Amino acid sequence: MSEESRASETPTPTQTLYQRHRAVTPAWLATYYSDPIELTHGEGRHVWDSAGNRYLDFFGGILTTMTAHALPEVTKAVAEQAGRIIHSSTLYLSSGMVELAEQIAGLSGIPDAKVFFTTSGTEANDAALLLATAYRHSNQVLAMRNSYHGRSFTTIGITGNGAWSPTSLSPLQTLYVHGGVRTRGPFAHLSDADFIAACTEDLEDLLGQVGGSVAALIAEPIQGVGGFTHGPDGLFAAFKRVLDRHGILWISDEVQTGWGRTGDHFWGWQAHGEAGPPDILTFAKGIGNGLAMGGVVARAEVMDCLDANSISTFGGSPVTTAGALANLRYLLEHDLQGNALHTGATLVEQLRVADLPLVREVRGKGLMIGVELVDADGEPSPAAATAALEHARELGLLIGKGGLSGNVLRIAPPLSLTEAEAVEGADLLIEALRRAESTVIEGS
């Protein structure tokens, strides 16, 4: 088709919506696909777009639709609560907020825990950094290389992934530690034990050169935006022994790893729990199953350290807590953590045995799986990831993308994924990768 005839075509309703979207939203607001889609409704592990196309959802609104789309227990709880009262703020008591806080405090593994609700993971990490720096009277923070913790000014300032950090300005002084990426970097050739030892020695060396106290180490047990990378189990336990000697707090960013998604554990930090729980834990995304909810769990003495008044206008609202309570209840009663372990193993096994030259590594835990793609020379290939994303959509599968070079596919279905859907999704993804190989490698 010629450029002239293409230009003369009448745009589809979705293309018109995209034009309107671009006219009124920031240029830096990313969308997936060369022809972006509008998702209009969902059920279980499937969603439909405005053109009527059905997709198997393997990204869940960026790991947010944790249990299922249109889960009846959640929609019923939200509708019933909305019929009573939608909003009140933390200036008034809320039985739903207190009940949810009690459950999360008990599940967190943090002794003498208190909970503060927010509306997002970004805000949760922001609050955690406020608590840590106030408690320690220090604005120095340790973060992991390749990390991502949100989009606020403070959390962008500590992000170790340059693709998501548009400014070097920050209210914090951030020092970056090795250990978030196991198979690349200066320690990749080491055994797990030696890798942990080298990263811990690096941490010790770094602290020996810091002037003044350090407030906290903030770390994702599995790096989300970074491409589902992680160090060996026990890494943060080794770190914590060092941190404890210096009085430095450990903040575990569980925004993507929480609620059983990793299969092995309910929280990501528990793979590193030999030295005890973190001092602060942040959560968001999955607990609301799409509702805007996040929060911070911390030891009481840390949570109570602020000497100024505060409230949360929308954190812990009646509607979001009603939905979150129903969602958490469903997750626990149906052992979705165990299901994530089982179906995630199916996905990983099928991807690893497929003969896919583009794939350098399949990694992750449970239903948090990263597929790193490379070109014919073994170099990171964002073009291959983009092609695979497009081909997967054409085949009826939605996936995500990330990594420092944008060359990692992110696979994170709702935790109620069935075995049959896991097999189907793996088959679709393998076919998408084969088509991407033809597009990228053979076409180059």
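Note that this is a predicted model, so its numbers are computed, not measured.

*Asks:* Requested: an account of the nonpolar core, with residues and values cited.
*Replies:* Counting residues in each nonpolar core, the largest one holds 93 residues, and the members touching the most others are Leu142, Trp259, Leu373 and Leu409. With nine residues, helix H14 (residues 419–440) is the single largest residue contributor to this core. Leu142 has contacts with Leu175, Val177, Leu203, Leu206, Leu207, Val214, Ala216, Leu217, Ile218 and Leu243, leaving out every residue within four places of it along the chain.

*Asks:* Account for the environment of Leu351, naming residues and giving values.
*Replies:* Within the fold, Leu351 resides in helix H12 (residues 336–353). Leu351 sits 76 residues away from Asp427 along the chain, and the two C-alpha atoms are 8.6 Å apart. Setting aside residues up to four positions removed in sequence, Leu351 forms contacts with Leu356, Val362, Val371, Leu429 and Ile430.

*Asks:* Can you break down the pattern of salt bridges residue by residue, with the values?
*Replies:* One pass over the structure, following the stated rule, counts 15 salt bridges. Close ionic contact of Asp192 with Arg182 constitutes a salt bridge, the shortest N to O distance being 2.9 Å. Of this pair, Asp192 sits in helix H8 (residues 192–208) while Arg182 sits in the loop between strand E6 (173–177) and H8, and the two are 10 residues apart along the sequence. With a relative accessible area of 44%, Asp192 lands in the partly exposed category. On the basis of relative accessibility, which here comes to 16%, the residue Arg182 falls in the buried class.

*Asks:* Mind laying out the layout of surface pockets, listing which residues take part and the relevant values?
*Replies:* As a volume, the second largest pocket reaches approximately 690 Å³. What lines the second largest pocket is a set of 25 residues, and nearest its centre among them are Val115, Phe116, Phe117, Met303 and Ser310.

*Asks:* Before we move on, could you go through H14 and cite the residues and values that matter?
*Replies:* Here H14 contains 22 residues, and its C-alpha end-to-end distance of 31 Å stays within 8% of the 32 Å for a straight helix at 1.5 Å per residue. Taken together, the buried positions of H14 are Glu421, Ala422, Gly425, Ala426, Leu428, Leu429, Ile430, Ala432, Leu433, Ala436, Glu437 and Val440.

*Asks:* Explain the pairing of E6 to me, and be specific about the residues and the numbers.
*Replies:* For a regular strand, the rule is simple: side chains alternate between the two faces of the sheet. Alignment of strand E5 (residues 140–144) against E6, held across five bridges, turns out to be parallel. Bridged to Gln140 within E6 is Gln173. Handedness of the β-α-β unit built from E5, helix H7 (residues 153–158) and E6 comes out right-handed.

*Asks:* Can you break down the packing of aromatic side chains residue by residue, with the values?
*Replies:* Taken as a whole and assessed by the stated rule, the structure comprises 10 aromatic pairs. Taking the centre distance of 6.2 Å and the plane angle of 80 degrees together, the rings of Phe117 and Phe283 count as edge-to-face. Taken together, the positions of Phe117 in strand E4 (residues 113–118) and Phe283 in strand E9 (residues 280–283) put the pair 166 residues apart, joining distant regions of the chain. Consider the rings of Phe236 and Phe239, whose centres lie 5.8 Å apart with planes at 75 degrees: the pair is edge-to-face. With Phe236 and Phe239 both in helix H9 (residues 235–246) and three residues apart, the pair spans about one turn of that helix. Across this residue pair, the class does not change: Phe236 and Phe239 are buried. Here the aromatic residues Phe117, Trp259, Phe266, Trp267 and Phe283 are joined through ring pairs into a cluster of three or more. Residue placement shows Arg393 over the ring face of Tyr33; its charged tip is 5.4 Å from the ring centre.

*Asks:* Explain the packing of helix H4 (residues 72–82) against helix H11 (residues 318–333) residue by residue, including any values.
*Replies:* Two quantities define a packed helix pair, namely the angle between the axes and the distance from one axis to the other. Viewed as axis vectors pointing N to C, H4 and H11 meet at an angle of 155 degrees, and their least axial separation amounts to 8 Å. Here H4 is positioned roughly antiparallel relative to H11, judged by the angle of their axes. Considering how the two elements wind past one another, H4 and H11 form a crossing that is right-handed. On H11, the residues that touch Glu73, Val74, Ala77, Val78, Gln81 and Ala82 of H4 are Pro318, Val319, Ala322, Gly323, Ala326, Asn327 and Tyr330.

*Asks:* Please set out the pairing of strand E7 (residues 216–219) residue by residue, giving values where relevant.
*Replies:* Burial along E7 is two-sided: the residues Ala216 and Ile218 and Leu217 and Ala219 are all buried. Alignment of E5 against E7, held across three bridges, turns out to be parallel. Bridge pairing links Ala143 to Ile218 in E7. Bridge count for E7 against strand E8 (residues 249–253) is four bridges, and the pairing is parallel. Bridging from a neighbouring strand, Ala219 pairs with Ser252 of E8. Note on the crossover from E7 through H9 to E8: the handedness is right-handed.

The rules we used
- Residues numbered from 1 in each chain as written.
- Predicted model: local features only at pLDDT ≥ 70, side-chain atom pairs only at ≥ 80, totals over all residues.
- Heavy atoms only, no water.
- Core = buried A, V, L, I, M, F, W, Y, C linked by side-chain atoms within 4.5 Å.
- Buried < 20%, exposed > 50% of the residue type's maximum accessible area, 1.4 Å probe, protein only.
- Helix = DSSP H or I, 4+ residues; strand = E, 2+ residues; numbered from the N terminus.
- Contact = heavy atoms within 4.5 Å.
- Salt bridge = Lys/Arg side-chain N within 4 Å of Asp/Glu carboxyl O.
- 1 Å grid on protein atoms, 1.4 Å probe; cavity = no way out; pocket = protein on both sides within 12 Å on 5 of 7 lines; lining within 4 Å.
- Points joined across faces, edges and corners; volume = space filled by probe spheres on them.
- Expected span 1.5 Å × (residues − 1).
- Pairing = 2+ DSSP bridges.
- Right-handed = clockwise from strand over helix to strand, strands pointing away.
- Phe/Tyr/Trp six-rings, centres within 6.5 Å; stacked < 30°, edge-to-face > 60°.
- Lys NZ or Arg CZ within 6 Å of the ring centre and 35° of its normal.
- Axes fitted to C-alpha atoms, helices over the stretch in contact; angles between N-to-C directions.
- Parallel < 35°, antiparallel > 145°, perpendicular 65-115°, else oblique.
- Left-handed = near helix turned anticlockwise from the far one by under 90°.

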